[in-house]
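A closer look at the structure
For reference, the chains in residue letters:
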Amino acid sequence: MSNIPTVRADMPSLRICTNVSGPDAFWWLVDADNNPMVVNVLFQSDDVWTPKDVKETLQKPVEDNIRLRAYPKLSGLWWQWEEVQDFSLDNHIKLHVLSEPTDEALTKFIDDEVSVQLPRDQPLWKFIVIHGTKEKGSRLLLRMHHVIGDGAGIGAWIHSLCEVVPPPGSQNRGDLTNPDAAAKDEPDGPASPTIVVRSKPKRSVLRKIRDVIDFIIVEIMVMCLGLLKILLLTRDSNSPFKGPKKGQKRTASTAGVLDLTVSEVKAVGKAYDKSITVNDVLCTLLAGTFRRFFESCGLHPDEMTLRLTVPMNMRTRPNPIDMANQFSLVFKTLPIHLPSIQERLASFHVRMGLVKLGLEPHLGLIMMMGLAWLPKVVRDRVLEHFTLCSSGVMTNVLASTVHYRFANRDLKDCGFWVPSSGDLGLGISICTYVEKINIGLIVDEGLLPNWDRFLVCMKEEWEDMKAHVPDFRQPHKSPDVPRHPQDMFDPVAMYAGPQTHKR
């Protein structure tokens, strides 16, 4: 066990919501035995956790959190947290020793565990300490029902349990509680490029007036498009990820298969255009991967759509963070039909920007709250419609920019698997811990027996993305990304530019 001194992580304060909100109730009501609404988080350490270590860490935080000592129970017309009288931490912290020290044994245990529903008359969470892994140390699997909180709420609670591991040679303890400052002190991090700041030319009055008018026009058009998108959502294409389900899950992760780092992903994005984000690059990687995978299955992605449900945080203030569900669901189509990397990257970047500008996130939140009040027969019919319009769920979480310790053990890595709402069978979870990016994949066994071919396609797509950038060390302005708001609605401008890579 490491003897490096630690300090408590300086995270936004956590506030526990004692009532069951509309979005909380929504996730409780859409829960199903063959599709549990449970978030599954896997931690890795080179040290060995024990149930006693975890219990000592959780004792006080659980005592202060009604959501971890109760379960939702209908009281009159609405749900309330019903506290369990004989609650014991020992019932929620377990030890499991793998039958053999292999990756296959670990994967099988996780697959079987995440396929099982949590008891609905007990607090809806548990920790499982996993020993006997192939690599040294141990694993820690957290299973927590979505009714307790969303990614931001659960993440803030986990952060409150952790401590920051100071960078080697750090002298200023005041900087250790600042993740950004600690990240800058990392000696092994990539050297920051020299950036020359040039003053921007002054805009004329007419140009400023034009920009204001353009902004108003774009806002109105985006709001109308968002409303029409919800009302006129069409059925998603048939694919290997749609069909009858068995309830048994199959999980996978890019850890150990694909080495994705924040610096490299960011560099690839900036090589195409300076406005491209890490999220744009990762979603473009997924779009190209699905395109390759469908082609290997004998399908024609040029004539297909792949729509995913994407959570969006609706919190209006960063501090304190409520341990509750305060997010919306929006629908995003991965551009698998576009033949080149440039086109897919430009398409996702622009259309994700339109979603953030429009009404769709607010409409999604209102819809979730309304469905919680509707009769079950109506709610099931609405969910059935949106299930036909989507193939899965995709989410992206920044776990930490600095190394953490949990239960007195250094965290080497972490990842998670998002639950898929309704009758969806596919989940994609992007998790960034320090410099490393893990993509967690979960699917129903009735749709896909294993992820082997998909992971091969992802590795090939990532190598292709790196090979076909002009020079991903030098940022430049790409003609594929619109330079003006009006160009967002001009497909010629959106997809203009050289087509350097076709499949």
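The shown structure was predicted, so the numbers you read here are calculated from the model rather than taken from an experiment.

Now for the overall build of the protein. Along the protein, the regular secondary structure elements total 13 helices and 20 strands. Taking the contacts inside the protein whose residues are at least 6 apart along the sequence as the reference set, 79% of them involve residues at least 24 apart. Total accessible area computed for the protein in this model is approximately 23400 Å², and 57% of it derives from carbon and sulfur atoms.

Look at helix α2 (residues 51-63): 17 Å from first C-alpha to last across 13 residues, which is about the 18 Å you get at 1.5 Å a residue. In α2, a bend of some 35° at Thr57 exceeds every other bend along the element, and Pro61, a proline, comes one to four places later. On its buried face, α2 sits against β6 (93-97), β7 (125-131), β8 (138-145), α4 (151-161) and β17 (409-410).

A word on the pattern of salt bridges. Evaluation of the coordinates by the stated rule reveals 27 salt bridges. Residues Lys412 and Asp46 are paired through a salt bridge, measuring 3.7 Å at the closest nitrogen-oxygen approach. Of this pair, Lys412 sits in the loop between β17 and β18 (413-417) while Asp46 sits in the loop between β3 (38-45) and α2, placing them 366 residues apart in sequence. Through salt bridges with shared partners, a single network forms among Arg292, Arg344, Glu460, Glu461 and Asp464.

The next point concerns the side chain of Asp150. The topology assignment puts Asp150 in the loop between β8 and α4. A distance of 3.0 Å separates a polar side-chain atom of Asp150 from the backbone nitrogen of Gln326. When residues no more than four places from it in sequence are discounted, the contact partners of Asp150 are Gly155, Arg315, Ala324, Asn325, Gln326 and Phe327.

Taken as a whole, the second largest pocket encloses approximately 950 Å³ of empty space. If you go around the second largest pocket, you meet 34 residues; those closest to its centre are Asp103, Leu106, Thr107, Ser253 and Ala255. Put simply, the parts of the chain that give the lining of the second largest pocket at least two residues each are β3, α3 (103-114), β10 (249-253), β18, β20 (436-444) and α12 (452-467). Element by element, the count of residues in the lining of the second largest pocket is highest for α3, at eight residues. In terms of residue class, the lining of the second largest pocket is built from 11 nonpolar, 10 polar and 13 charged.

Turning our attention to the sheet that holds β18. With respect to topology, five strands assemble into an open sheet ordered β6-β7-β8-β3-β18, the strand pairing being mixed. At either margin of the open sheet sits one strand with a lone partner, and together these are β6 and β18. Adjacent strand axes in the sheet meet at a mean angle of 20° when their direction is disregarded. The sheet contacts of α2 involve β6, β7 and β8, and relative to β7 the element is tilted by about 160°.

Turning next to empty space enclosed by the protein. All told, the structure shown has three cavities of 30 Å³ or more when counted by the stated rule. Empty space within the second largest cavity amounts to approximately 80 Å³. Together, Asn35, Pro36, Val38, Asn40, Val114, Arg143, Lys249, Trp417, Val418, Pro419, Ser420 and Ile442 line the second largest cavity. Across the lining of the second largest cavity, the residue classes tally to seven nonpolar, three polar and two charged.

Let's shift gears to the nonpolar core. Among the nonpolar cores identified, the biggest contains 53 residues, and Phe43, Leu58, Trp125, Phe127, Met144, Trp157 and Phe406 are the most heavily contacted of them. In this structure, Phe127 is in contact with Phe43, Val54, Leu58, His92, Ile93, Lys94, Leu140, Leu141, Leu142, Trp157 and Phe406, ignoring residues within four places of it in sequence. In this structure, Cys283, Phe293, Phe454 and Trp462 belong to the second largest nonpolar core, which totals 50 residues.

Once that is clear, we can look at the packing of helix α8 (residues 278-296) against α12. Two elements in contact, α8 and α12, have axes whose closest approach is 8 Å; the angle formed by their N-to-C orientations is 125°. The angle between the axes of α8 and α12 places the two elements in the oblique class. Seen from above, α8 lies across α12 with right-handed handedness. Judged by residue contacts, Val281, Thr284, Leu285, Leu286, Gly288, Thr289, Phe290, Arg292, Phe293 and Ser296 of α8 engage Arg453, Phe454, Cys457, Met458, Glu460, Glu461, Trp462, Asp464 and Met465 from α12. For the contact of α8 with α12, a count of residues per class yields 10 nonpolar, four polar and five charged.

This paragraph deals with the packing of helix α7 (residues 262-272) against α8. Put simply, α7 and α8 touch, their axes get as near as 8 Å, and they point 90° apart. As the angle between them shows, α7 and α8 are arranged roughly perpendicular. Residue-level inspection shows Val265, Lys266, Val268 and Gly269 of α7 in contact with α8, the latter providing Val278, Val281 and Leu282. The residue inventory of the contact of α7 with α8, partitioned by class, reads five nonpolar, one polar and one charged.

What counts, and at which threshold
Residues numbered from 1 in each chain as written. Predicted model: local features only at pLDDT ≥ 70, side-chain atom pairs only at ≥ 80, totals over all residues. Heavy atoms only, no water. Helix = DSSP H or I, 4+ residues; strand = E, 2+ residues; numbered from the N terminus. Contact = heavy atoms within 4.5 Å. Areas by Shrake-Rupley, 256 points an atom, 1.4 Å probe, with all protein chains shown as cover. Expected span 1.5 Å × (residues − 1). Bend = angle between axes of the 7 residues up to and from the residue. Salt bridge = Lys/Arg side-chain N within 4 Å of Asp/Glu carboxyl O. Polar contact = N/O pair within 3.5 Å; in protein donor to acceptor, adjacent residues only side chain to side chain. 1 Å grid on protein atoms, 1.4 Å probe; cavity = no way out; pocket = protein on both sides within 12 Å on 5 of 7 lines; lining within 4 Å. Points joined across faces, edges and corners; volume = space filled by probe spheres on them. Nonpolar A, V, L, I, M, F, W, Y, C, P; charged D, E, K, R; others polar. Pairing = 2+ DSSP bridges. Axes fitted to C-alpha atoms, helices over the stretch in contact; angles between N-to-C directions. Core = buried A, V, L, I, M, F, W, Y, C linked by side-chain atoms within 4.5 Å. Buried < 20%, exposed > 50% of the residue type's maximum accessible area, 1.4 Å probe, protein only. Parallel < 35°, antiparallel > 145°, perpendicular 65-115°, else oblique. Left-handed = near helix turned anticlockwise from the far one by under 90°.

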